[in-house]
Amino acid sequence: MNVKTILTYINYRLTSYTEHDLHSPFLYNFYMELIRNEHPFGDFEILNTLRKQLQKDTTSITVTDFGAGSKKLNSDKRVISQIARHGIAQKKQAEFLYRLINKYTPNTIIELGTSIGLTSLYLSKAATKSTVYTIEGCPNLYRYAQSLFKEHQSKNIQAIHGNFNTELPKLLTHIKSLDLLYVDGNHAYEPTMNYFKMALQKKHVNSIFIFDDIYWSDDMQKAWKEIFEHKDVTLSLDLFYFGIVFFRTEQKNKEHFVLKF
Ligand SMILES: C[S@@+](CC[C@H](N)C(=O)[O-])C[C@H]1O[C@@H](n2cnc3c(N)ncnc32)[C@H](O)[C@@H]1O
């Protein structure tokens, strides 16, 4: 983290809400079940063991950068262990996504940014009857993830190789509706806004869109602000690591909360 991000993080910690500040039953339950809950699911043990294995994997691959790059990894030659430590959702974040999917059981999930595929496995195991579409531009990462999915017999993952810019619109025409979108790649203003606007076409009142790294840059903060201010968004949650938006029409007044993660 640079100094600016550290200050932003301190401000976030000082101003974020906990369960004691939440009055709506929807939000209180969301917080208690998905953020405060430390009860592990059985799958966490397997996924955690796999995470530890990946963090020791010395396989070296050449990465083709399709997005805004990485702040920690800046060479095109990468070792899987580095990616597993610095380039993917951390354990706490991935477990939160698992809990969220397990609670709301979205049928159709899109992940933008597969990388080595570990988080896709969390998404897939959280709701085995759902379909998880995951898109990755780098051919070597795509191949690596494919072999991980095979090894773990994840039958509900549809891995797509290609650029989000071309693959997302194609995929959206192919699916009936989009229940959960997880944007975790190409963290720049324009692409993020484009993916959001494209995905809006297939959203419904119970859709959930999640944006990773909303504090990655000024550009991402700008994109996140525009997303949560969008007229169709009725509830937005800032968890620092994630920005989450809902389109629930039961929510009469548009609300935005910063929650301690
Ligand atoms: C942060 S990583 C994804 C991590 C993964 N979701 C996880 O937590 O395990 C972002 C990935 O998105 C891919 N990516 C970025 N921009 C892309 C684009 N425009 N098209 C396709 N892939 C892209 C990168 O190659 C990278 O592997």
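Source: prediction; values computed, not measured.

A look at the nonpolar core
Moving on, step 1. Counting residues in hydrophobic clusters, the biggest one holds 69 residues, and the most contacted among them are Leu-97, Ile-116, Leu-181 and Ile-210.
Moving on, step 2. Excluding anything up to four places from it in sequence, Ile-210 contacts Leu-181, Tyr-182, Val-183, Phe-242 and Ile-244.

Regarding the pairing of strand S5 (residues 157-161)
Moving on, step 1. Pairing geometry for strand S4 (residues 131-136) and S5, over five bridges, is parallel. Each residue of the ladder has a partner; that of Val-132, found in S5, is Ile-157.

A short note on the sheet that holds strand S10 (residues 255-258)
Moving on, step 1. A sheet is described by the order of its strands in space; here eight strands give the open sequence S5-S4-S3-S6-S7-S9-S8-S10, paired in mixed fashion. Every interior strand has two partners, whereas the edge strands, S5 and S10, have only one. Strand-to-strand twist of the sheet, defined as the mean angle between neighbouring strand axes without regard to direction, takes the value 15 degrees.
Moving on, step 2. By the bridge criterion, five bridges tie strand S7 (residues 208-212) to strand S9 (residues 242-246) in an arrangement that is antiparallel. Residue Ile-208 lies in a different strand from S9, and its bridge partner there is Phe-246.

Structural notes on the packing of helix H8 (residues 164-174) against helix H9 (residues 189-200)
The relative placement of two packed helices comes down to the angle between their axes together with the axis-to-axis distance.
Moving on, step 1. In the contact formed by H8 and H9, the axes pass within 10 Å of each other and the chain directions differ by 10 degrees. The orientation of H8 with respect to H9, classified from their angle, is roughly parallel. Two secondary-structure elements touch here, H8 through Phe-164, Leu-168, Pro-169 and Leu-172 and H9 through Tyr-195, Met-198 and Ala-199.
Moving on, step 2. Of the residues that constitute the contact of H8 with H9, the class distribution is seven nonpolar, no polar and no charged.

Focus: the environment of Asn-253
Moving on, step 1. Locating Asn-253 in the fold gives a position in the loop between S9 and S10.
Moving on, step 2. Take Asn-253: there are 6 C-beta atoms within 10 Å of it, and that puts it in the exposed class.
Moving on, step 3. When the C-alpha positions of Asn-253 and Leu-235 are compared, they lie 8.4 Å apart, and in sequence the two are 18 residues distant.

Calculation notes
- Residues numbered from 1 in each chain as written.
- Predicted model: local features only at pLDDT ≥ 70, side-chain atom pairs only at ≥ 80, totals over all residues.
- Core = buried A, V, L, I, M, F, W, Y, C linked by C-beta atoms within 7 Å.
- Buried ≥ 20, exposed ≤ 12 C-beta atoms within 10 Å, placed from the backbone.
- Contact = placed C-beta atoms within 7 Å.
- Pairing = 2+ DSSP bridges.
- Helix = DSSP H or I, 4+ residues; strand = E, 2+ residues; numbered from the N terminus.
- Axes fitted to C-alpha atoms, helices over the stretch in contact; angles between N-to-C directions.
- Parallel < 35°, antiparallel > 145°, perpendicular 65-115°, else oblique.
- Nonpolar A, V, L, I, M, F, W, Y, C, P; charged D, E, K, R; others polar.

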